[in-house]
Amino acid sequence: MSDLAVTPTAPIGRVLQVHTRYRQAGGEDQVVEAERGLLEGAGVAVDQVIFDNADLAESRSIPGDLRIAAGAIWSRSAQRRVRAAVLARQPDVVHVHNTFAAASPSVFRAVGNRPVVQTLHNYRWVCPVAIAFRDGHPCTDCVGRAIALPAVVHACVRGSRIQSAVATASIAVHRAAGTQRTIDQFVALTSFQRQVMLDGGLPAGRVRVIPNFYEPDPGVSDAPRSGVLYLGRLAVEKGVGPLLR
């Protein structure tokens, strides 16, 4: 871990973003690009290392499944790729977004002594399925457990106990390896999320709240208006039903 936490006013001239796209594009991808634009607009150079889960070929054999599972837990190729970018670009800060599944949390081991920030777009550090939601209701059964066995029992990841076991193993392996200690600052999106992550074992002094932002269209009037704007997937875990009620 670097001394970023004790030198918050150090000038930042270059940031390396590390992100893994999901097979279906979503909000995290948009946040990464919006953040890139915001930083570049402030004069900060931004480089990216982008992984893509679409590159993970579906396996039809047990050995192939095991290779994919092992890579989701610890990917040496992803480590090498991030390490090469760090050496080539010499960033002041490495900002990691999503690592599942093509990159894996092993990328945190590739940054050397660079300050590292991790944005918590979800609950994956404490919940194998990452959404802390099961069977139509919030679920924190795995939060705070050394091994998140309830996720395997309930087949939380895509209804598969095997995939749930892989996600559970990833959390357990990196917790045992101390990967979290290599991260200088965690960024939670809400105070509620921050508290859940603290309950799951993240250190309070290294988790701060920075909400997602929305860059308004410059052609749209900013005159006061009534109503509610929802931006997000139409999914039950997003809470659209309670919002409408």
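A few points on the structure. Quick caveat, the model's predicted, so the values are computed rather than measured.

Cut-offs and rules
Residues numbered from 1 in each chain as written. Predicted model: local features only at pLDDT ≥ 70, side-chain atom pairs only at ≥ 80, totals over all residues. Heavy atoms only, no water. Pairing = 2+ DSSP bridges. Helix = DSSP H or I, 4+ residues; strand = E, 2+ residues; numbered from the N terminus. Axes fitted to C-alpha atoms, helices over the stretch in contact; angles between N-to-C directions. Contact = heavy atoms within 4.5 Å. Buried < 20%, exposed > 50% of the residue type's maximum accessible area, 1.4 Å probe, protein only. Right-handed = clockwise from strand over helix to strand, strands pointing away. Salt bridge = Lys/Arg side-chain N within 4 Å of Asp/Glu carboxyl O. Phe/Tyr/Trp six-rings, centres within 6.5 Å; stacked < 30°, edge-to-face > 60°. Lys NZ or Arg CZ within 6 Å of the ring centre and 35° of its normal.

**A look at the sheet that holds strand S2 (residues 45-52)**
Reading across from one edge, S2-S1-S3-S4-S7-S8 is the order of the 6 strands in this open sheet, with parallel pairing throughout. Among the strands making up the open sheet, the edge pair consists of S2 and strand S8 (207-209). The mean inter-strand angle of the sheet, taken between neighbouring strand axes irrespective of direction, is 25°. Looking at chain direction, strand S7 (residues 185-188) and S8 are connected through 3 bridges and run parallel. Within S8, the position partnered with Ala 188 by the bridge is Val 209. Contacting strand S1 (14-21), S2 and strand S3 (93-96), helix H3 (residues 76-89) crosses the sheet at an angle of about 170° to S2. Contacting strand S4 (116-120), S7 and S8, helix H6 (residues 191-199) runs over the sheet at an angle of about 165° to S8.

**A short note on the environment of Ala 223**
Take Ala 223: it is sitting in the loop between S8 and helix H7 (240-244). Assessed through its relative accessible area of 38%, Ala 223 is described here as partly exposed. It is 23 Å that separates the C-alpha atoms of Ala 223 and Pro 211, two residues lying 12 residues apart in sequence.

**Section: the pairing of S7**
Walk down a regular strand and you will see the side chains alternate between the two sheet faces. Neither face of S7 is exposed, since Gln 185 and Val 187 on one face and Phe 186 and Ala 188 on the opposite face are all buried. Between S7 and its parallel partner S8, the chain crosses via H6, and the hand of that crossover is right-handed.

**Brief notes about the environment of Pro 218**
By the secondary structure assignment, Pro 218 is in the loop between S8 and H7. C-alpha of Pro 218 to C-alpha of Val 116: the two residues are 102 residues apart in sequence and 33 Å apart in space.

**Brief notes about the pattern of salt bridges**
In the structure shown here, the tally under the stated rule is 6 salt bridges. Asp 47 is the partner of Arg 14 in a salt bridge, and the nearest nitrogen-oxygen pair spans 2.7 Å. Linking Arg 14 in strand S1 with Asp 47 in strand S2, this pair joins segments that are 33 residues apart in sequence. With relative accessibility at 23%, the residue Arg 14 sits in the partly exposed group. Residue Asp 47 is classed as buried on the basis of its relative accessible area, which comes to 16%.

**Quick look at the packing of aromatic side chains**
By the definition in use, this model includes 2 aromatic pairs. On the basis of an interplanar angle of 40° and a centroid distance of 6.1 Å, the ring pair of Phe 108 and Trp 125 is categorised as tilted. Residue Phe 108 is located in the loop between S3 and S4, and its partner Trp 125 is located in the loop between S4 and strand S5 (133-134); the two are separated by 17 residues in the primary sequence. Pair check on accessibility: Phe 108 and Trp 125 agree, each one buried. An angle of 90° between the planes, with centres 6.2 Å apart, marks the rings of Trp 125 and Phe 186 as edge-to-face. Of this pair, Trp 125 sits in the loop between S4 and S5 while Phe 186 sits in strand S7, placing them 61 residues apart in sequence. An aromatic cluster is defined as three or more aromatic residues linked by ring pairs; in this entry it consists of Phe 108, Trp 125 and Phe 186. If you follow Arg 81 out to its NZ or CZ, it ends over the ring of Phe 51, 4.6 Å from the centre.

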